[in-house]
Amino acid sequence: MRDHVDTAEGLRLRRWQAADVPAVLTAFAEPSMAWQTAEPVTSPAAARRWLAAEAAQWDSGARFAFAVTDEADTVLGNVAVGAVDRRHRTGWVSYWTLAAARGRGVASRACRALAGWSFEEVGLFRLELGHRVNNPASCRVARAAGFAVEGLQRRKLEYDGVRYDVELHARLATDN
Ligand SMILES: CC(C)(COP(=O)(O)OP(=O)(O)OC[C@H]1O[C@@H](n2cnc3c(N)ncnc32)[C@H](O)[C@@H]1OP(=O)(O)O)[C@@H](O)C(=O)NCCC(=O)NCCS
């Protein structure tokens, strides 16, 4: 199984490394990232735990998280396919980018590259993702990466005592 992907636009998806602790800390220090992990990532030790957990998930085959970098290996973000179900050949996609890297197509292109890798290397058929309806940037990323809207999951997620509707998107191996 290939463990990296190079895109035509000069992005690289590669496995996370121990040396990425500073980038992980910078990423999670940004306020809109607070809800992306169950455990806050606010110290080097927490960043190391996050990296170790992702490495263990990769090794178990349940979840594959990639650092997204530029050609100089500067970390720009993360794309992942998790909840890998080999019986039904499904997976759950997620992504985030560092604040400094936003608004230039990094998440959209990396998500598209992750989908291709998941179909070709893992043999998945259906990839799902969901975003809060008040996260329009994530919706734009999903659409740009070829994930069609499938419906609204009413009040699926709870953050700080508030429940949010989630829009579900999916992309199939047979989609364009
Ligand atoms: C959502 C996120 C991943 C987008 O990353 P990005 O690298 O900036 O995404 P891209 O540049 O590929 O595309 C962003 C798209 O959203 C649009 N966008 C950005 N901010 C927006 C906003 N506040 N409202 C509406 N659209 C917005 C951009 O114009 C672009 O649309 P386009 O393709 O039509 O031009 C990033 O903002 C992030 O990490 N947010 C915090 C974590 C998060 O919400 N992750 C998703 C959880 S479901």
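Residues numbered from 1 in each chain as written. Predicted model: local features only at pLDDT ≥ 70, side-chain atom pairs only at ≥ 80, totals over all residues. Heavy atoms only, no water.

Participant: In this structure, what is going on with the pairing of strand 2 (residues 12-15)? I would like to understand it.
Facilitator: When a strand is regular, its side chains alternate between the sheet's two faces. Looking at chain direction, strand 1 (residues 4-6) and strand 2 are connected through three bridges and run antiparallel. Looking across to strand 2, one finds that His4 is bridged to Arg14. Remark: five residues form the turn of the hairpin made by strand 1 and strand 2, two consecutive strands paired antiparallel; Gly10 in that turn has positive phi of roughly 90°. Strand direction decides the pairing type here: strand 2 and strand 3 (residues 64-69), joined by four bridges, are antiparallel. Its bridge partner being in strand 3, Leu13 is matched across the sheet by Val68. (Pairing = 2+ DSSP bridges. Helix = DSSP H or I, 4+ residues; strand = E, 2+ residues; numbered from the N terminus.)

Participant: Help me out: how do you make sense of unusual backbone geometry in this one?
Facilitator: Notably, Arg89 is not glycine yet its phi reads approximately 60°, a positive angle. As for its placement among the helices and strands, Arg89 is situated in the loop between strand 4 (75-85) and strand 5 (90-97). One non-glycine residue, Asp160, adopts positive backbone phi at about 50°. Tracing the sequence through the fold places Asp160 in the loop between strand 7 (148-159) and strand 8 (162-172). Given the relative accessible area of 68%, Asp160 is considered exposed. (Buried < 20%, exposed > 50% of the residue type's maximum accessible area, 1.4 Å probe, protein only.)

Participant: Sorry if this is basic, but what is going on with the nonpolar core here?
Facilitator: As a rule of thumb, soluble globular proteins bury nonpolar side chains together. Membership of the largest hydrophobic core comes to 31 residues, with the highest contact counts inside it found for Leu13, Val81, Val93 and Phe147. Put simply, the parts of the chain that give this core at least two residues each are strand 3, strand 4, strand 5, helix 3 (106-122), strand 6 (126-132) and helix 4 (136-144). Ranked by residues supplied to this core, first place goes to helix 3 with ten residues. If we ignore the near neighbours within four places in the chain, the residues touching Phe147 are Val93, Cys111, Ala115, Leu127, Leu129, Ala142, His169, Ala170 and Arg171. By size, the runner-up hydrophobic cluster in this structure holds 18 residues, among which are Met33, Val41, Trp50 and Ala67. (Core = buried A, V, L, I, M, F, W, Y, C linked by side-chain atoms within 4.5 Å. Contact = heavy atoms within 4.5 Å.)

Participant: Is there a simple way to explain the site of the ligand in this structure?
Facilitator: Gly103, Gly105, Ser108, Asn135 and Arg140 are the nearest of the 21 residues found near the ligand. In the environment of the ligand, an oxygen atom lies 2.6 Å from a nitrogen or oxygen atom belonging to the side chain of Ser108. With the chains in place, 68% of the 960 Å² that the ligand exposes on its own is no longer accessible. Within the residue set of the shell around the ligand, elements represented by two or more residues are strand 5, helix 3, strand 6 and helix 4. At five residues, the largest contribution of residues to the shell around the ligand is made by helix 4. A class-by-class count of the residues in the shell around the ligand yields eight nonpolar, ten polar and three charged. (Near = heavy atom within 4 Å. Polar contact = N/O pair within 3.5 Å; in protein donor to acceptor, adjacent residues only side chain to side chain. Areas by Shrake-Rupley, 256 points an atom, 1.4 Å probe, with all protein chains shown as cover. Nonpolar A, V, L, I, M, F, W, Y, C, P; charged D, E, K, R; others polar.)

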